[in-house]
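# Architecture and fold: a report
So the chains spell out like this:
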Amino acid sequence: MNIRTIIAATCAAFAFSMAGPVRAHGGEAQIVTKKFEAAIPNISGKALLAVEVDYAPGAASPPHTHAKSAFIYAYVISGAIESKVNDGETRIYRAGEGWSEPPGATHSISRNVSKTDPAKLLAVFVLDANDNPLTTPVK
(Lines give C-alpha, C1' and ligand atoms only; values in the text may rest on other atoms or scores of the structure.)
Protein backbone atom coordinates (compact mmCIF):
# COMPACT_ATOMS: atom_id res chain seq x y z
CA MET A 1 0.00 0.00 0.00
CA ASN A 2 1.52 3.34 -1.00
CA ILE A 3 1.60 6.45 1.16
CA ARG A 4 -1.17 8.22 -0.84
CA THR A 5 -3.52 5.31 -0.18
CA ILE A 6 -2.64 5.37 3.51
CA ILE A 7 -3.14 9.15 3.68
CA ALA A 8 -6.48 8.86 1.87
CA ALA A 9 -7.64 6.16 4.30
CA THR A 10 -6.46 8.19 7.27
CA CYS A 11 -8.20 11.33 6.03
CA ALA A 12 -11.40 9.42 5.33
CA ALA A 13 -11.33 8.04 8.88
CA PHE A 14 -10.57 11.53 10.18
CA ALA A 15 -13.41 13.08 8.21
CA PHE A 16 -15.76 10.39 9.49
CA SER A 17 -14.64 10.84 13.10
CA MET A 18 -14.53 14.64 13.09
CA ALA A 19 -16.94 15.82 10.39
CA GLY A 20 -19.34 18.48 11.59
CA PRO A 21 -21.50 19.79 12.69
CA VAL A 22 -20.95 18.13 16.01
CA ARG A 23 -23.62 18.98 18.58
CA ALA A 24 -22.37 20.67 21.72
CA HIS A 25 -23.87 22.29 24.82
CA GLY A 26 -27.30 23.84 24.43
CA GLY A 27 -27.70 22.52 20.89
CA GLU A 28 -24.91 24.78 19.63
CA ALA A 29 -22.48 23.29 17.11
CA GLN A 30 -18.82 23.09 16.32
CA ILE A 31 -17.81 22.44 12.74
CA VAL A 32 -14.53 20.72 11.82
CA THR A 33 -13.23 21.32 8.28
CA LYS A 34 -10.16 19.61 6.81
CA LYS A 35 -7.85 22.29 5.40
CA PHE A 36 -4.72 20.33 4.42
CA GLU A 37 -3.38 16.80 4.17
CA ALA A 38 -0.07 15.38 2.94
CA ALA A 39 2.47 12.68 3.52
CA ILE A 40 5.65 14.12 5.02
CA PRO A 41 8.17 13.25 2.29
CA ASN A 42 11.30 13.21 4.42
CA ILE A 43 9.77 11.27 7.36
CA SER A 44 8.73 7.83 6.21
CA GLY A 45 5.26 6.78 7.34
CA LYS A 46 4.30 10.20 8.77
CA ALA A 47 1.50 12.51 7.67
CA LEU A 48 0.41 16.06 8.36
CA LEU A 49 -3.26 17.01 8.67
CA ALA A 50 -4.66 20.46 9.39
CA VAL A 51 -8.26 21.12 10.42
CA GLU A 52 -10.15 24.26 11.25
CA VAL A 53 -12.56 24.06 14.19
CA ASP A 54 -15.34 26.65 14.19
CA TYR A 55 -17.09 26.96 17.54
CA ALA A 56 -20.50 28.58 17.74
CA PRO A 57 -21.01 30.87 20.75
CA GLY A 58 -20.87 28.69 23.88
CA ALA A 59 -20.04 25.50 21.91
CA ALA A 60 -17.70 22.82 23.24
CA SER A 61 -16.07 19.63 22.02
CA PRO A 62 -16.97 16.53 24.01
CA PRO A 63 -14.02 15.15 26.04
CA HIS A 64 -11.85 13.00 23.77
CA THR A 65 -8.48 11.34 23.31
CA HIS A 66 -6.27 11.70 20.26
CA ALA A 67 -4.49 9.06 18.19
CA LYS A 68 -1.53 7.48 19.98
CA SER A 69 0.99 8.89 17.47
CA ALA A 70 -0.58 12.36 16.97
CA PHE A 71 1.47 15.36 18.01
CA ILE A 72 -0.84 18.38 17.72
CA TYR A 73 -0.30 22.11 17.52
CA ALA A 74 -3.44 24.21 18.03
CA TYR A 75 -3.58 27.91 17.12
CA VAL A 76 -6.50 30.23 17.91
CA ILE A 77 -7.49 32.16 14.80
CA SER A 78 -10.30 34.18 16.38
CA GLY A 79 -12.07 34.47 19.70
CA ALA A 80 -10.94 32.64 22.83
CA ILE A 81 -10.75 28.90 23.54
CA GLU A 82 -10.61 27.27 26.96
CA SER A 83 -8.53 24.09 26.88
CA LYS A 84 -7.31 21.38 29.25
CA VAL A 85 -4.97 18.64 28.04
CA ASN A 86 -4.09 15.62 30.18
CA ASP A 87 -3.37 16.69 33.78
CA GLY A 88 -2.29 20.21 32.74
CA GLU A 89 -3.94 23.37 33.91
CA THR A 90 -7.12 24.71 32.33
CA ARG A 91 -6.14 27.74 30.24
CA ILE A 92 -7.80 30.29 28.01
CA TYR A 93 -6.04 30.97 24.71
CA ARG A 94 -6.91 34.05 22.69
CA ALA A 95 -6.48 34.82 18.99
CA GLY A 96 -2.80 34.58 18.09
CA GLU A 97 -1.94 32.12 20.87
CA GLY A 98 -1.35 28.40 20.60
CA TRP A 99 -0.41 25.23 22.46
CA SER A 100 0.75 21.70 21.73
CA GLU A 101 -0.64 18.33 22.71
CA PRO A 102 1.53 15.21 23.06
CA PRO A 103 0.75 11.92 21.30
CA GLY A 104 -2.19 10.09 22.84
CA ALA A 105 -3.37 13.18 24.76
CA THR A 106 -6.70 13.37 26.54
CA HIS A 107 -8.49 16.63 25.82
CA SER A 108 -11.04 17.01 28.62
CA ILE A 109 -11.95 20.67 27.90
CA SER A 110 -12.09 22.43 24.54
CA ARG A 111 -14.70 25.17 24.30
CA ASN A 112 -15.51 28.64 23.09
CA VAL A 113 -15.27 30.98 26.08
CA SER A 114 -17.81 33.44 24.65
CA LYS A 115 -21.56 32.89 24.85
CA THR A 116 -22.13 35.58 22.19
CA ASP A 117 -19.26 35.41 19.65
CA PRO A 118 -17.91 32.53 17.57
CA ALA A 119 -14.32 31.26 17.93
CA LYS A 120 -12.04 29.44 15.53
CA LEU A 121 -8.85 27.41 15.86
CA LEU A 122 -6.49 25.59 13.52
CA ALA A 123 -5.27 22.18 14.68
CA VAL A 124 -2.23 20.65 12.94
CA PHE A 125 -1.65 16.92 13.45
CA VAL A 126 1.65 15.13 12.76
CA LEU A 127 1.03 11.40 13.06
CA ASP A 128 1.65 7.94 11.73
CA ALA A 129 -0.03 7.78 8.32
CA ASN A 130 -2.18 4.79 9.30
CA ASP A 131 -3.06 5.83 12.86
CA ASN A 132 -6.79 6.22 13.30
CA PRO A 133 -9.22 7.15 14.52
CA LEU A 134 -7.80 10.58 15.19
CA THR A 135 -10.22 11.23 18.03
CA THR A 136 -12.14 8.93 20.32
CA PRO A 137 -14.81 10.15 22.77
CA VAL A 138 -13.99 9.64 26.46
CA LYS A 139 -16.55 7.32 28.02
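Residues numbered from 1 in each chain as written. Predicted model: local features only at pLDDT ≥ 70, side-chain atom pairs only at ≥ 80, totals over all residues. Heavy atoms only, no water.

### Overview of the confidence of the model for the protein
- When pLDDT is averaged along the protein, the result is 84, and 80% of the positions lie at 70 or above.
- Highest mean pLDDT in the protein belongs to strand β7 (residues 91-94) (98); lowest belongs to helix α1 (residues 3-18) (40).
- The low-confidence segment residues 1-28 (pLDDT under 50) makes 49 contacts with residues lying over four places distant or belonging to another chain. (pLDDT = per-residue confidence, 0-100. Helix = DSSP H or I, 4+ residues; strand = E, 2+ residues; numbered from the N terminus. Contact = heavy atoms within 4.5 Å.)

### Focus: the packing of aromatic side chains
- If you walk through the whole model with that rule in mind, you get one aromatic pair.
- Ring centres of Tyr 93 and Trp 99 lie 4.3 Å apart, and the angle between their planes is 25°; on these two criteria the pair is classed as stacked.
- Under the relative-accessibility criterion, Tyr 93 is labelled buried at 9%. (Phe/Tyr/Trp six-rings, centres within 6.5 Å; stacked < 30°, edge-to-face > 60°. Buried < 20%, exposed > 50% of the residue type's maximum accessible area, 1.4 Å probe, protein only.)

### Concerning the pattern of salt bridges
- This structure, assessed with the given rule, holds six salt bridges.
- Put simply, Lys 35 and Glu 52 hold a salt bridge, and the shortest N to O gap is 3.9 Å. Of the two residues, Lys 35 is situated in strand β2 (residues 29-39) and Glu 52 in strand β3 (residues 46-55); the sequence distance between them amounts to 17 residues.
- Exposure remark for Lys 35: the relative accessible area of 48% places this residue in the partly exposed category.
- Residue Glu 52 is classed as buried on the basis of its relative accessible area, which comes to 15%.
- Asp 128 is the partner of Lys 46 in a salt bridge, and the nearest nitrogen-oxygen pair spans 2.6 Å. You can see Lys 46 sitting in strand β3 and its partner Asp 128 sitting in strand β10 (residues 119-128), a full 82 residues away along the chain. (Salt bridge = Lys/Arg side-chain N within 4 Å of Asp/Glu carboxyl O.)

### Let's talk about the side chain of His 107
- Summarising the element assignment, His 107 is placed in strand β9 (residues 106-112).
- The buried category is assigned to His 107, whose relative accessible area is 5%.
- Only 3.1 Å separates the side chain of His 107 from the backbone oxygen of Ile 109, close enough to count as a polar contact.
- If we ignore the near neighbours within four places in the chain, the residues touching His 107 are Pro 62, Pro 63, His 64, His 66, Ser 83, Lys 84, Val 85, Trp 99 and Glu 101. (Polar contact = N/O pair within 3.5 Å; in protein donor to acceptor, adjacent residues only side chain to side chain.)

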